[in-house]
Amino acid sequence: MAAAQGRLSDGAGGMDEAKDTEKDRREADTAPLPFRAAVDALKAARLRPQIEVEPTPPPKRLAPFTYALEAAVVDGEQDLADGRLVLLHDPAGHDAWQGTFRLVTLVRAELEPEMAADPLLPEVCWSWLTGALQTRGLTYGEPSGTVTRASSHYFGGLSARPAASQIEIRASWTPREGLGGVPDTAAHLASWCDLLAQVAGLPPAGPGDASVVTLPQRRGPQSR
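The structure contained in this document is the topic of the report that follows.

Cut-offs applied
For every chain, the first residue of the written sequence is number 1, and numbering continues from 1 onward in sequence order. Given that the model is predicted, a residue must reach a pLDDT of at least 70 before its local features are reported, and side-chain atom pairs must reach 80 or more before they are shown or counted; all residues, however, enter totals for whole chains, interfaces and linings. As a rule here, side-chain values cover all heavy atoms of the structure and leave hydrogens and water aside. Salt bridge, as applied in this entry: a Lys or Arg side-chain nitrogen positioned within 4 Å of an Asp or Glu carboxyl oxygen. Where helices and strands are cited, they refer to DSSP runs of H or I of at least four residues and of E of at least two residues respectively, numbered from the N terminus. A 1.4 Å probe rolled over the protein chains alone gives each residue an accessible area, and that area as a share of the maximum for its type sets the label: buried under 20%, exposed over 50%, partly exposed in between. Here a polar contact is taken to be a pair of N or O atoms separated by no more than 3.5 Å, where protein atoms must pair a possible hydrogen donor with a possible acceptor and residues adjacent in sequence count only if both atoms sit in side chains. For this analysis, residues touch if any pair of their heavy atoms sits within 4.5 Å. Lines fitted to C-alpha atoms define the axes, with helix axes restricted to the stretch in contact, and inter-axis angles between N-to-C directions lie between 0 and 180 degrees. By convention, the crossing between two helices is left-handed when the near helix turns anticlockwise from the far helix through less than a right angle, and right-handed when the turn is clockwise. Just so you know the grouping, Ala, Val, Leu, Ile, Met, Phe, Trp, Tyr, Cys and Pro go in nonpolar, Asp, Glu, Lys and Arg go in charged, and all remaining residues, Gly too, go in polar.

As for the pattern of salt bridges
- Enumeration according to the criterion identifies three salt bridges in this entry.
- For the salt bridge of Asp194 with Arg136, the shortest nitrogen-to-oxygen distance reads 2.7 Å. Remark: Arg136 occurs in the loop between helix H4 (121-135) and strand S6 (140-152) and Asp194 occurs in helix H5 (residues 185-200); sequence separation between them is 58 residues.
- Arg136 gets classed as partly exposed once you look at its relative accessible area, which sits at 41%.

Overview of the side chain of Thr66
- Take Thr66: it is sitting in strand S3 (residues 65-75).
- At 2.9 Å, the side chain of Thr66 forms a polar contact with the backbone oxygen of Pro59.
- When near neighbours in sequence (up to four residues on either side) are disregarded, Thr66 contacts Phe35, Pro58, Pro59, Lys60, Leu87 and Leu88.

Description of the packing of H4 against H5
- Contact pair H4 / H5: the axes reach a minimum separation of 8 Å and the direction vectors enclose 145 degrees. Read as a crossing pair, H4 and H5 show a hand that is right-handed. Facing H4, whose interface residues are Cys125, Trp128, Leu129, Ala132 and Leu133, H5 presents His188, Ser191, Asp194, Leu195, Gln198 and Val199.
- Each residue belonging to the contact of H4 with H5 can be placed in one class, and the counts come to seven nonpolar, three polar and one charged.

The quantities given are spatial measurements derived from coordinates; they are silent on function.
Take a look at the structure:
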């Protein structure tokens, strides 16, 4: 697959971002212990170095407690794929989730022309998600989502540009809760990164791969 265009956020900040960060810290201090443990596991996860991950402001209206990460698969100066993973928690439970936690994701990448023409591409991309979870032995419930394939053709003053296609995977699932009502969010994050890598065309990382690194809290300025 070719490079994904742009990032999911523009990095704009300022006083509003500082206020939101302080508010998020206060909310994190008062969050239920299972949610705090789940977030701590995400922060301590070990990931492939080709995948750059950092916290991003989460949506506030989907659940009482939320945490979000955004990621990009990087090859030199090129972003091969990008995505966002959101952890939702409702201590009272949610009928549609069949649990108290929910993971929601968006993954996208540009496609090579021959891959974009494959009629089975949506089914294959969905199988990459479920396969990534199953490969790591994770149990989950209530999966749902969409796979969207879009093509752009350019005309007039833009006619010199080649046609471009993009795949977008939107999905959500309920991670099974373990001891203390806490799901194995680190393993789910690793599976999600496996999906990102596969969408980007990277080879799979084997268990115990020495190239796997700990999730950074905040990456520095990027040259891209």
